[in-house]
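Observations on chain architecture
Take a look at the letters that make up each chain.
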Amino acid sequence: MTPGETYVALVHHPVLDRNGRVVSTALTNLDLHDIARATRTYGLGGFLIVHCVEAQRQLARRIADHWLTLGAELNDFRRQAIATLRVVSTLADAKALVAEAAGATPRLIATAARPSPGALGFGAVRALPGPTLLVLGTGWGLADEALAACDARLRPVAGGTDYNHLSVRSACAIILDRLHGDRED
Ligand code: SAM
C-alpha cells in the first residue's frame, strides 16, 4: 500500500478501561494534533477521529475549524496537518469514508501493545495491496468488538524489554515510520 492509500483511525469507543470494561474515552487535544502531524508528515490519505458521543465529535470539529481558519494565520503547518482530519461516529463509518475516498473497501489493521498469534509484521502490512485503515485505540486499548471488526492485527512495536506502555501518539509515529519512512537498508 502507498502512503496515500494508508489511513489512520483513532478509536474512542469501544475501548477498554484499566479494569477491562468497555468504555468511551475523552478526546485528547494532544492525540488529535500529534497524530494529524504524523499523518501529514508521511503523506497519508487521512486521519479519522472515531467517537460515539456527539459532543466529543463537535469538540474535535471545533478544534479543527480553529486551526483551519483563525489558527492558520498563526501556524500554517498546523493547518496542513489538521486538514487531514475527518470526524465520524463509528469504526464502520470510518471504513465507509475511506472506501468512498479511496475507491475501494479498506483492509482494517488493528494495533495493540499486546502480542497476538497471527499478527502481521510491518513488511507484510506494507506489502498489502489497496487502501488500509490502521486502527489505533485509546484508554487501555481496543475492545474485542473493535478487534473483531478488523481484518488483521499488526505486530506490536516492541523495544525488547519487559516494559511496553507507549502513548498512542508515540506508537502511531513509530508504526508510520516503519511502514512509510525512509529506508536506509
Ligand atoms: N491515551 C493513552 C495513551 O496515549 O497513553 C492511549 C494509548 S493506549 C495505551 C493503547 C493504544 O496505543 C493501542 O490501542 C494501540 O493503538 C497503541 N499502542 C500502544 N502501544 C503500542 C505498541 N507497542 N504497538 C502498537 N500499538 C501500540
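Heads up: these notes are all about the structure in this document. Only a predicted model underlies this, so the values are computations on that prediction, with no experimental measurement involved.

1. What about the packing of aromatic side chains?
This model, assessed by the stated rule, comprises 0 aromatic pairs. For Arg-78, the ring lying beneath its charged end belongs to Trp-67, and the centroid distance is 5.2 Å. Geometry around Phe-122 places Arg-178 over its ring, the cationic atom sitting 4.9 Å from the centre.

2. A word on the pairing of strand S6 (residues 107-110)
In terms of strand pairing, S6 meets strand S7 (residues 132-136) through 4 bridges, oriented parallel. Bridging from a neighbouring strand, Ala-110 pairs with Val-135 of S7. For S6 and strand S8 (residues 152-153), the ladder comprises 2 bridges, and the chain directions are parallel. Counted as the bridge partner of Ile-109 is Ala-152 from S8.

3. Some points on the site of the ligand
Of all residues adjacent to the ligand, which total 17 residues, the nearest are Thr-111, Gly-137, Val-157, Asn-164 and Val-168. Within the contact set of the ligand, an oxygen atom lies 2.7 Å away from a side-chain nitrogen or oxygen of Thr-111. Within the backbone of Val-168, an N or O atom sits 3.0 Å from an oxygen atom of the ligand. Calculation on the ligand without its partners gives an accessible area of 570 Å², and the protein chains cover 83% of this total. Counting residues per element, the shell around the ligand draws most heavily on helix H8 (residues 168-180), which supplies 3 residues. Grouping the constituent residues of the shell around the ligand by class yields 9 nonpolar, 7 polar and 1 charged.

Here is what the cut-offs are and how they apply
Residues numbered from 1 in each chain as written. Predicted model: local features only at pLDDT ≥ 70, side-chain atom pairs only at ≥ 80, totals over all residues. Heavy atoms only, no water. Phe/Tyr/Trp six-rings, centres within 6.5 Å; stacked < 30°, edge-to-face > 60°. Lys NZ or Arg CZ within 6 Å of the ring centre and 35° of its normal. Pairing = 2+ DSSP bridges. Helix = DSSP H or I, 4+ residues; strand = E, 2+ residues; numbered from the N terminus. Near = heavy atom within 4 Å. Polar contact = N/O pair within 3.5 Å; in protein donor to acceptor, adjacent residues only side chain to side chain. Areas by Shrake-Rupley, 256 points an atom, 1.4 Å probe, with all protein chains shown as cover. Nonpolar A, V, L, I, M, F, W, Y, C, P; charged D, E, K, R; others polar.

Everything listed is a geometric property; what it means functionally is a separate question.
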